[in-house]
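A structural walkthrough
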Amino acid sequence: MTSSITDSVVKAAIAAISSESATTAEKIQMLIEIAQGFQKKPKTAQDLRNAVGLFYRAYEMCGDEYVLLKARAKVGMAGSLQMIPDADSQLLQQARADYEEALPILQQFATAAEVAETQMNLGLVLQSLVPYNLARITDSIQAYHEALRVFTWEHYPQEYAILHNNIAIAYLSMPMSSERESLRQALAVQSFEIALKYINLIEHPREYAMLQNNLGNALQYLVSSHPVENNLRAVLAYDEALKVRNLQDTPLEYANTISNKANLLFNLPDDLEKPELGNPQNLLKAEEYYQEAWRIFTEHKQLEQAEMVAKALQDLTAEIQAFALN
């Protein structure tokens, strides 16, 4: 098997650093920077494994002397492990251990933003470990809140939006007794709404669309005594997201939002004053959205999503036929 170009780059980098007349600290820094290059634009999982190897070599070179660089190498390793597609619980646990080892050192020697970024990534790892029963969702939420002390909307709008989005999703995934279900969902909606006070369409379109789309989902499935009101708010949220998401620039995000909106229209009466008349118009609109979303997902080889939409389309067709018979 021929070695890939990235393997050659790794070998060349290590050889160059071995012969380089730079100081040890400079060599460590060079290794970290090369590894970050692989980490930022990985083409394959092997790129990320190469990054882990380079960060580890930098970590070993630090010894006890270069404490901050050692912590940065650990954070780099954790970030790469976390990004490996379909990372199993073992890799995620290693990433968690690396972040937790690095954090006290960063808190002592690094900038507040560097610490906050590590807390944000630790929150994500913890959230990913929850399904394996290897972490608590409350610890994930706490890590996000720690990061929010630094990542304020004024100075870090993108991180602020992502953190509030992650907090909301964490609340939605919390196992709670049925009587506390509505509390959990209300907290999620509140988190989206707090972020949307500051994240706007003009300055932060991508984050704005993400928050509006996910707010629509939270409202759509909210356990409440006002389901119609929530569904109407959800429609508005999806429409706001669609001001940004379109077929040309963001086809997959667009397909995601229109299929979410179709799910909602499936259950929304045409005339809110006369719900007993059903929703033939909304069903037809939902059918259009599902068909378009299915085409986009299939074209972009997102087969799992395409399959889910096809199933929804099947249910919808049955509903339209049943309506026609009545």
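Let me sum up the structure you'll find in this document. Each chain has its residues counted from 1, following the order in which its sequence is written. Per-residue local features are limited, in this predicted model, to residues with pLDDT of at least 70; the limit for side-chain atom pairs, both in listing and counting, is 80 or more; totals at the level of whole chains, interfaces and linings are taken over all residues. The basis for every side-chain value is the complete set of non-hydrogen atoms in the structure, without hydrogens or water.

Packed helices, taken two at a time, are described by the angle between their axes plus the distance between the axes. Following both chains from N to C, one finds helix H2 (residues 24-40) and helix H3 (residues 45-62) inclined at 165°, their axes separated by 8 Å at the closest point. In terms of axis orientation, H2 runs roughly antiparallel to H3. Of the two elements, H2 crosses H3, and the hand of that crossing is left-handed. Across the interface between the two elements, Thr24, Lys27, Ile28, Leu31, Ile32, Ile34, Ala35, Gln36, Phe38 and Gln39 from H2 touch Asp47, Leu48, Ala51, Leu54, Phe55, Arg57, Ala58, Met61 and Cys62 from H3. Each residue gets one label: Ala, Val, Leu, Ile, Met, Phe, Trp, Tyr, Cys and Pro are nonpolar, Asp, Glu, Lys and Arg are charged, and the others, such as Gly, are polar. Of the residues belonging to the contact of H2 with H3, the class tally is 13 nonpolar, 3 polar and 3 charged. To get an axis, fit a line to the C-alpha atoms, keeping to the stretch in contact for a helix; angles then go from 0 to 180 degrees between the N-to-C directions. The helix and strand labels rest on DSSP assignments: H or I over at least four residues marks a helix, E over at least two residues marks a strand, and numbering proceeds from the N terminus. Roughly parallel means an angle under 35 degrees; roughly antiparallel, over 145; roughly perpendicular, 65 to 115; everything else is oblique. By convention, the crossing between two helices is left-handed when the near helix turns anticlockwise from the far helix through less than a right angle, and right-handed when the turn is clockwise. In this description, contact between two residues means that some pair of their heavy atoms is separated by no more than 4.5 Å.

What counts as a salt bridge is simple: a side-chain nitrogen of Lys or Arg found within 4 Å of a carboxyl oxygen of Asp or Glu. By the definition in use, this model includes 12 salt bridges. A salt bridge links aspartate 139 to arginine 136; the nearest nitrogen and oxygen atoms lie 3.0 Å apart. A salt bridge links glutamate 240 to lysine 243; the shortest N-O distance between them is 2.7 Å. Overlapping salt bridges, with partners in common, bring together Lys74, Asp98 and Glu101 in one network.

A word on a negative patch on the surface. Like charges within 9 Å and nonpolar side chains (Val, Leu, Ile, Met, Phe, Trp, Tyr) within 5 Å are joined into patches, using only residues over 30% in relative accessible area that form no salt bridge. To measure how exposed things are, a 1.4 Å probe is used in the Shrake-Rupley method; for residues, cover is taken only from the protein chains shown. Only four residue types enter the charge count: Lys and Arg as positive, Asp and Glu as negative, with His and the chain ends excluded. For charged residues, the charge sits on one atom: NZ in Lys, CZ in Arg, CG in Asp, CD in Glu. Residues Asp270, Asp271, Glu273 and Glu276 make up a contiguous surface patch of negative charge. Mapped onto the elements, glutamate 276 comes out in the loop between helix H12 (251-266) and helix H13 (280-299).

Stacked, edge-to-face and tilted labels apply to pairs of Phe, Tyr and Trp rings (six-membered ring for Trp) whose centres lie within 6.5 Å, assigned for plane angles under 30 degrees, over 60, and everything in between, in that order. According to the stated counting rule, one finds 4 aromatic pairs in the structure shown. Between tyrosine 160 and tyrosine 198, the aromatic rings sit 5.9 Å apart at their centres with planes inclined by 80°, giving edge-to-face as the arrangement. In this pair, tyrosine 160 is assigned in helix H8 (residues 157-172) and tyrosine 198 in the loop between helix H9 (181-196) and helix H10 (205-220), connecting sequence segments 38 residues apart. Any residue under 20% of the maximum accessible area for its type is buried, any over 50% is exposed, and the rest in between are partly exposed; the area is computed with a 1.4 Å probe on protein chains only. The exposure class of tyrosine 160 is buried, given its relative accessible area of 7%. Through a chain of ring-to-ring contacts, the aromatic side chains of Trp153, Tyr160 and Tyr198 assemble into a single cluster. Above the plane of the ring of tyrosine 59 lies lysine 74, whose end atom (NZ or CZ) is 4.7 Å from the centre. For lysine 285, the ring lying beneath its charged end belongs to tyrosine 289, and the centroid distance is 4.8 Å. Cation placement over rings: the criterion is NZ of Lys or CZ of Arg within 6 Å of the ring centroid and within 35° of the ring normal.

One number sums up the size of the largest pocket: a volume of about 570 Å³. Points on a 1 Å grid over protein atoms alone make up a cavity when a 1.4 Å probe fits among them but cannot get out, and a pocket when they form an open set with protein on both sides within 12 Å along at least five of seven lines; lining residues each have an atom within 4 Å of a point. In terms of lining residues, the largest pocket is bounded by 19 residues, among which Gln36, Gln39, Val75, Glu117 and Asn121 are the most central. Of all the secondary-structure elements, those providing two or more residues to the lining of the largest pocket are H2, helix H4 (67-83), helix H5 (89-109) and helix H6 (112-129). In terms of residue count, H4 provides more of the lining of the largest pocket than any other element does, 7 residues in total. In terms of residue class, the lining of the largest pocket is built from 7 nonpolar, 8 polar and 4 charged. In this structure, the second largest pocket occupies an estimated 340 Å³ of space. Along its surface, the second largest pocket is lined by 14 residues, and Gln158, Ile162, Arg206, Glu207 and Met210 are the ones closest to its centre. Every element with two or more residues in the lining of the second largest pocket is listed here: H6, H8 and H10. Grid points are joined across faces, edges and corners, and a volume is the space filled by probe spheres set on the points.

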